[in-house]
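Structural overview for review
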Amino acid sequence: MNVNFNEVLNKFEPKGVSDLLIGVDSNGELHSHHFLHRNSLLITGTVGSGKSITMNQLVLSGMFNNTPKDIKFAFYDPKKVEYAVYEDSPFLIKNIMYEIEEFREYLVELTAIIDKRMKQIVDTETMDIERYNKYAKENDLEQLPYIITVIDEIADVYYINPEIQEQLIRIIKKASEVGIYFIIGTQTPRRDVINGTLKDNIPSRIAMKAATQIESMNTIDEVGAEQLNGLGEMIYKFGGRSELLQSSCVSDENIETLNDYLNTKYSI
């Protein structure tokens, strides 16, 4: 199925700031991932599966449907090629990170942001970021932007600095209510990369074309991803449910054009 990116982007009607586009089903219905309700997202897929395209689609839908005051993104891109196009984006909370030390420092900064936000939410008795922002708007206070961090390849993080895994899990465990989430990708869904602790804390997962049944099981706890076509087809699993979806075709030109439009729209 060939799904036009511009068509689905203009058709998509998010149900909240953190509701980002995933793809379409066989009936042409749009599907999304609402981070506030479903937390962080894990995406796996072999080379050529459409994993990077799907991750870009999520990001671009978030940027297109919101303002830089509503949502911010951060990228850890050790390959230095996948997300360089976003370097000048007004939606960045931090410059694109290419080195592991930059990412480690960022996680420290993120922990401080979480602690501050938790205090703000507790002090206002608002329970989560959605209710806090409603309270802030009604009381003329500054609203909190959602923050989504994109990790292109989690295996690189673990191999270079295994201690970061524990730090990352600690953040994921307590970050959801304060509007901080992760999109974590990998081409190597082995058990030493996607272990039980990571899966327990990220129950929402997307499996794109897998090399084997084992890789499919490691990602979504069921076989089937090894049979996908490798052209953006995916199995999206959340809340015990599985959906077969198709990502749109996001070209480099789409990404550059939309980024240029957003940079101009929100330029100071």
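None of these values were measured; they are calculated from a predicted model.

**Considering the environment of Leu 30**
Looking at where Leu 30 falls in the secondary structure, it is placed in strand E2 (residues 30-34). Distance in space between the C-alpha atoms of Leu 30 and Ser 247 is 9.9 Å, their sequence separation being 217 residues.

**Notes on the layout of surface pockets**
Size it by volume and the largest pocket reaches roughly 380 Å³. Lining the largest pocket are 17 residues; nearest its centre among them are Lys 69, Asp 70, Asn 133, Gln 143 and Leu 144. Among the elements that take part in the lining of the largest pocket, helix H5 (residues 129-138) stands out by supplying three residues, more than any other. Grouping the constituent residues of the lining of the largest pocket by class yields six nonpolar, five polar and six charged.

**Comments concerning a negative patch on the surface**
Negative charge collects at one region of the surface, where Asp 252, Glu 253, Glu 256 and Asp 260 lie side by side. As for its position among the elements, Asp 260 is in helix H10 (residues 252-265).

**Side note on the packing of helix H3 (residues 51-64) against H10**
Close contact between H3 and H10 brings their axes to 11 Å; oriented N to C, the two are set at 25 degrees. Our classification of the angle between H3 and H10 gives roughly parallel. H10 is crossed by H3, and the crossing has left-handed handedness. Contacts between H3 and H10 involve Asn 56, Leu 60, Met 63 and Phe 64 on the former and, on the latter, Ile 255, Leu 258, Asn 259, Tyr 261 and Leu 262.

What counts as what
Residue indices begin from 1 for each chain and proceed along its sequence in written order. In keeping with the predicted nature of the model, local features appear solely for residues at pLDDT of at least 70, side-chain atom pairs appear and are counted solely at 80 or more, and the whole-chain, interface and lining totals rest on all residues. Side-chain calculation: all heavy atoms of the structure are included, whereas hydrogens and water are not. Each helix is a run of DSSP H or I of at least 4 residues and each strand a run of E of at least 2, with the numbering of both proceeding from the N terminus. Method remark: on a 1 Å grid restricted to protein atoms, a set of points is classed as a cavity if a 1.4 Å probe fits but cannot get out and as a pocket if it is open with protein on both sides within 12 Å along at least five of seven lines; lining residues have an atom within 4 Å of a point. Grid points are joined across faces, edges and corners, and a volume is the space filled by probe spheres set on the points. Note on residue categories: nonpolar means Ala, Val, Leu, Ile, Met, Phe, Trp, Tyr, Cys or Pro, charged means Asp, Glu, Lys or Arg, and polar means any other residue, Gly included. Note that patches include only residues with greater than 30% relative accessible area and no salt bridge, and the join distances are 9 Å for like charges and 5 Å for nonpolar side chains (Val, Leu, Ile, Met, Phe, Trp, Tyr). In short, Shrake-Rupley with a 1.4 Å probe defines the accessible areas, and a residue's cover is counted only from the protein chains shown. A pairing counts as a salt bridge when a side-chain nitrogen of Lys or Arg comes within 4 Å of a carboxyl oxygen of Asp or Glu. A positive count includes Lys and Arg, and a negative count includes Asp and Glu. His and the chain ends are not counted in either. Where a charge lies is defined by one atom per residue type, namely NZ (Lys), CZ (Arg), CG (Asp) and CD (Glu). Orientation is described by axes fitted as lines to C-alpha atoms, over the contacting stretch for helices, and by angles from 0 to 180 degrees between their N-to-C directions. Each angle is binned into one of four classes, with values under 35 degrees roughly parallel, values over 145 roughly antiparallel, values of 65 to 115 roughly perpendicular, and all other values oblique. Should the near helix be turned anticlockwise from the far one by less than a right angle, the crossing is termed left-handed; should it be turned clockwise, right-handed. The contact criterion used throughout is that any non-hydrogen atoms of two residues lie within 4.5 Å.

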